[in-house]
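Coordinates in review
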Amino acid sequence: MANTKIPEDVGEIYEKIHAETVWLHHRWACYSELFRHTPRRIELLNASAPTFFFIVQELIERDVVLSFSRLTDPARDNRKNENISLDMLQERLKSLSAPESEQFIQSCQELLGRLKIQCKPLLHLRRKVVAHFDLKVALCKHEENRLPNLSFQVIEDALGTLRDYLNMIRRHFGNNHNDYCFCPAGSNGGAKSLIAFLRYGLRCEELLQQEKISPLDLNQGDWHDA
């Protein structure tokens, strides 16, 4: 739903960044449900399809890094092409002429500065691994060239600041607070649904080994030809 109280020139950028932020939270919620739950959850994934889930884990991690990279891009690249980014949104906010907006704009700028500092490790990963194949890092002949693993806390902190920034804009223009924590990782179609079916599948395998069900049963039903 559009935030109609936000001025149009600000709102058109805000809405795109809001949508990206919503889906970024969706993806991170699914990632957390799969890979940050418990050691037992990792055992479940490894018992089911370890190679597949390794790929999924790496793809979501890289996607999250790229999302933060896009959000914190400059308003314009070196060729003066404009980007939909937080910098562009901040530029639009600065165009507001009302005197009462000055403190609001300054507070937004401070939050954006904090977010950029929090995202530095993610942008470093993007430059060295995700978007490029840095030679020293790839060969890793020296310990100083070894990159740290992706920090979950860095992502959580950056998500928190991103929420604070967007909610400051929402509140300024009379919109309700959005906690972005409604992401359906546990709803139908989310990560919990997948986990439930993995449990069912492994239990079915146990029953097959115990000869309590027949392999022929697996070749029947609506999905036997999928």
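What counts and how
Residues numbered from 1 in each chain as written. Predicted model: local features only at pLDDT ≥ 70, side-chain atom pairs only at ≥ 80, totals over all residues. Heavy atoms only, no water. Phe/Tyr/Trp six-rings, centres within 6.5 Å; stacked < 30°, edge-to-face > 60°. Helix = DSSP H or I, 4+ residues; strand = E, 2+ residues; numbered from the N terminus. Buried < 20%, exposed > 50% of the residue type's maximum accessible area, 1.4 Å probe, protein only. Contact = heavy atoms within 4.5 Å.

Next up on the list: the packing of aromatic side chains. This structure, assessed with the given rule, holds seven aromatic pairs. Relative to Phe 152, the ring of Trp 28 has its centre 6.0 Å away and its plane inclined at 55°; by these criteria the two rings are tilted. Of this pair, Trp 28 sits in helix 1 (residues 8-35) while Phe 152 sits in helix 7 (residues 152-172), and the two are 124 residues apart along the sequence. Here Trp 28 falls in the buried class, since its relative accessible area comes to 4%. Take Phe 152: its relative accessible area is 30%, and that puts it in the partly exposed class. Seen from their ring centres, Phe 104 and Phe 173 are 6.0 Å apart, and the 85° between their planes marks the pair as edge-to-face. Of this pair, Phe 104 sits in helix 5 (residues 101-130) while Phe 173 sits in the loop between helix 7 and helix 8 (191-209), and the two are 69 residues apart along the sequence. Through a chain of ring-to-ring contacts, three or more aromatic side chains come together here, namely Trp 28, Tyr 31, Phe 35 and Phe 152.

Within helix 4 (residues 86-94) the residues assigned to the buried category are Leu 86, Asp 87, Met 88, Leu 89, Gln 90 and Leu 93. Buried-residue contacts for helix 4 involve helix 1, helix 3 (50-71), helix 5 and helix 7.

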